[in-house]
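The residues making up each chain are set out below.
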Amino acid sequence: PMIHLETTRKILGDLIAYPTISADSNLELIAYCADYLEGLGARVMVSKDATGTKANLFAGLGPDIDGGIVLSGHSDVVPVAGQDWSSDPFEMVARDDKLFGRGACDMKGFLAAALALAPDYAALDLKRPVHFAFTYDEEVGCLGGKALVAELQSMGLSPAAAIIGEPTSMRVIEGHKGCYEYTTEFSGLEGHGSLPHLGVNAVEYAVRYISRLMDLREELKNSTPKASRFDPPYSTIQVGRINGGVAHNVIAGNCSVDWEFRPVQKSDTDYVDQQTRKIVEDELLPAMQAVHAGANITTRMAGGVGGLEPAAESEARAIVMELTGRQETDVVSFGTEAGLFQDAGISAVICGPGSIEQAHKADEFVSLEQLQACIQMLDGLKSKLV
C-alpha cells in the first residue's frame, strides 16, 4: 500500500538523520523508536549497555505471551570517514527512485518499514504478539544482540520466530557463516638492529604467525562440507591489519595483528582454536622466550558471532517464503544477529530490503521498489498474527 511507503520514507529520513555510527551513541534513535511505539500502546523495554551510551529496544504489541514473531534489526551504522559521498550521508536524499544515506539499506530501511506497519498491527486484535528488537553495536561484534537475547532468556520470554531484516534484496536467507575477529599481540625485546640475535623481533614473529594462518587457511579447504552453498564453500581466514615496529634499525618490541575467521561449521571453529593455540605454545613462544623470558603472545576476540545453520524445520523460513512468494532460499557469507536468535531456540530467517552491494559504501541507498516489497511482506504478516 502506497500510504505505507510514504510513512516508511518519512521515518527512514528521521532514522538516517541520527548519526548512529557504532563508535557513537544510539540513544536518540532508540528514544525516537520507543516514543513512537509507546504511542501505539506497545510494551517497551529500553536496556542500556554498561557505558550508558548505547541501548537496545525490545517492544511488544498484542498479548504478553510466548510464541510471538520478532522483527529485528540493528540501529548502528558503519563510519563514513574517508568515503566520497555526493551528499550529506546523514541527510536522506531522493534521486531516481532511490533513497540515499548512511544506513539506508544497512539497515534502517527495514526498521522504518517495520515502524510504518506498527500502527496497523496495533489496530488489530492480535492473537499472537509481534515484537520489535532494535539493537546496538551489530557492526562491531553483535554486542547488543547478545545482550538482548540474554535478556529475553532471563525474562523467560520465548518468541517463536525472528525475521532479521538485513539487506538481502528481499531474498530469503536461511544460513550464513560465523564471524570471529581476533587481535593477536606480540611483545618481544627491543634492541639495536645491528645485533638482531640479542633482541626478540615482534614483527618477525607476527609474520611467522601470519604465514601459519595462511597454511591453516589452505587446510580449511580440505574440510569443505559436501553440500555447502556458501561462496566460497569453505571456512576462511583473512588478515586485515598489522601494526608494529618503530624504525629501520630498531628491533621491533611490539606488533599486533588483526585477523578474522569465518566458519561454515562448528568443527572448523574448534580446529582453528586448537591449531592457533599450538602454533603459539609449541612453535613461536618457546623460540621467543629462549632469548627473553618476558616475551609473550596474547590473542583476544575483538568480536564474534556464530553462524546461522540452515534448519530442517523453520517456522520463520516458512512464513517469509509464503509472504514473499519465493520458492527458494539462499545462504550468504556476511554475518548477522540471526545465529544468536537460533542459539536461543527461536527460529530465524534473514530477509530485508536493499542490497549488501550498497552497504558500507559511499552513496549507500535503498530503492523504493525494495522498500515496497518489504512493506508488502510486513503487511502480509498481519495474517499470521490474528
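Our structure is the block above this text.
From a predicted model like this one, the values you see are computed outputs, not experimental measurements.

What counts as what
- Residues numbered from 1 in each chain as written.
- Predicted model: local features only at pLDDT ≥ 70, side-chain atom pairs only at ≥ 80, totals over all residues.
- Heavy atoms only, no water.
- Helix = DSSP H or I, 4+ residues; strand = E, 2+ residues; numbered from the N terminus.
- Rg over C-alpha atoms; globule rule 2.2 N^0.38 Å.
- Buried < 20%, exposed > 50% of the residue type's maximum accessible area, 1.4 Å probe, protein only.
- Contact = heavy atoms within 4.5 Å.
- Areas by Shrake-Rupley, 256 points an atom, 1.4 Å probe, with all protein chains shown as cover.
- Lys, Arg positive; Asp, Glu negative; His and termini not counted.
- Charge placed at Lys NZ, Arg CZ, Asp CG, Glu CD.
- Expected span 1.5 Å × (residues − 1).
- Pairing = 2+ DSSP bridges.
- Axes fitted to C-alpha atoms, helices over the stretch in contact; angles between N-to-C directions.
- Salt bridge = Lys/Arg side-chain N within 4 Å of Asp/Glu carboxyl O.
- Disulfide = S-S within 2.5 Å.

For the chain, the helix and strand inventory stands at 10 helices and 17 strands. Here the C-alpha radius of gyration of the chain, 23 Å, is about what a compact globule of 386 residues would show, namely 21 Å. Seen along its three principal axes, the alpha-carbon backbone of the chain occupies a region of about 75 × 45 × 40 Å. Across the 386 residues in the chain, those meeting the buried criterion constitute 51%. Pairs at least 24 residues apart make up 80% of the contacts formed inside the chain by residues separated by at least 6 positions. When the accessible surface of the chain is summed, it comes to about 16400 Å², and 51% of that surface belongs to carbon and sulfur atoms. The chain carries 31 positive and 53 negative side-chain charges, and their two centres are separated by 3 Å.

If you check helix α1 (residues 2-16), its first and last C-alpha atoms are 21 Å apart, about what 15 residues at 1.5 Å a residue would give, namely 21 Å. Looking only at α1, the buried set comprises His4, Leu5, Thr8, Ile11, Leu12, Gly13, Leu15 and Ile16. Looking at the buried positions of α1, the neighbouring elements they touch are α2 (27-38), β5 (98-100), α3 (104-123), β17 (365-367) and α9 (368-380).

Before going further, it helps to examine the sheet that holds strand β14 (residues 296-305). Think of a sheet as strands paired side by side through backbone hydrogen bonds, with each pair either parallel or antiparallel. Spatially, 4 strands are ordered β11-β13-β9-β14 in an open sheet, and the strand pairing comes out antiparallel. Of all strands in the sheet, those with a lone pairing partner are β11 (236-244) and β14, marking the two edges. With strand direction ignored, the average angle separating the axes of adjacent strands in the sheet is 20°. Inspection of the sheet shows strand β9 (residues 179-187) paired to strand β13 (residues 254-262) by 8 bridges, in the antiparallel sense. Residue Tyr180 lies in a different strand from β13, and its bridge partner there is Phe261. Packing against the sheet, helix α5 (residues 202-220) makes contact with β9, β11, β13 and β14, and its axis sits at approximately 170° to β11.

Moving on, we get to the sheet that holds strand β4 (residues 93-95). Spatially, β4-β5-β17 is the arrangement adopted by the 3 strands of the open sheet, whose pairing is antiparallel. For this open sheet the edge positions go to β4 and β17, each flanked by a neighbour on one side alone. Recorded for the sheet is a direction-independent mean angle of 25° between the axes of neighbouring strands. Bridge count between β4 and β5: 3 bridges; the pairing is antiparallel. Bridge pairing links Arg95 to Lys98 in β5. Those strands touched by α3 are β5 and β17, and its axis lies near 50° from that of β17. Sitting on the sheet, α9 touches β5 and β17, and the angle it makes with β17 is about 65°.

Before going further, it helps to examine the pattern of salt bridges. Following the criterion strictly, the structure yields 18 salt bridges and no others. With a closest N to O distance of 2.7 Å, Lys54 and Asp137 form a salt bridge. Of this pair, Lys54 sits in the loop between β1 (43-48) and β2 (55-61) while Asp137 sits in the loop between β6 (130-135) and α4 (143-155), and the two are 83 residues apart along the sequence. Several salt bridges share partner residues, and in doing so they unite Asp120, Asp379 and Lys382 into one network.

Taken as a whole and assessed by the stated rule, the structure comprises 0 disulfides. Lacking any disulfide linkage, Cys142 is separated from the closest cysteine sulfur, that of Cys179, by 8.4 Å. Cys142 gets classed as buried once you look at its relative accessible area, which sits at 2%. Free of any disulfide, Cys374 has its nearest neighbouring cysteine sulfur in Cys351, separated by 7.2 Å. Here Cys374 falls in the buried class, since its relative accessible area comes to 0%.

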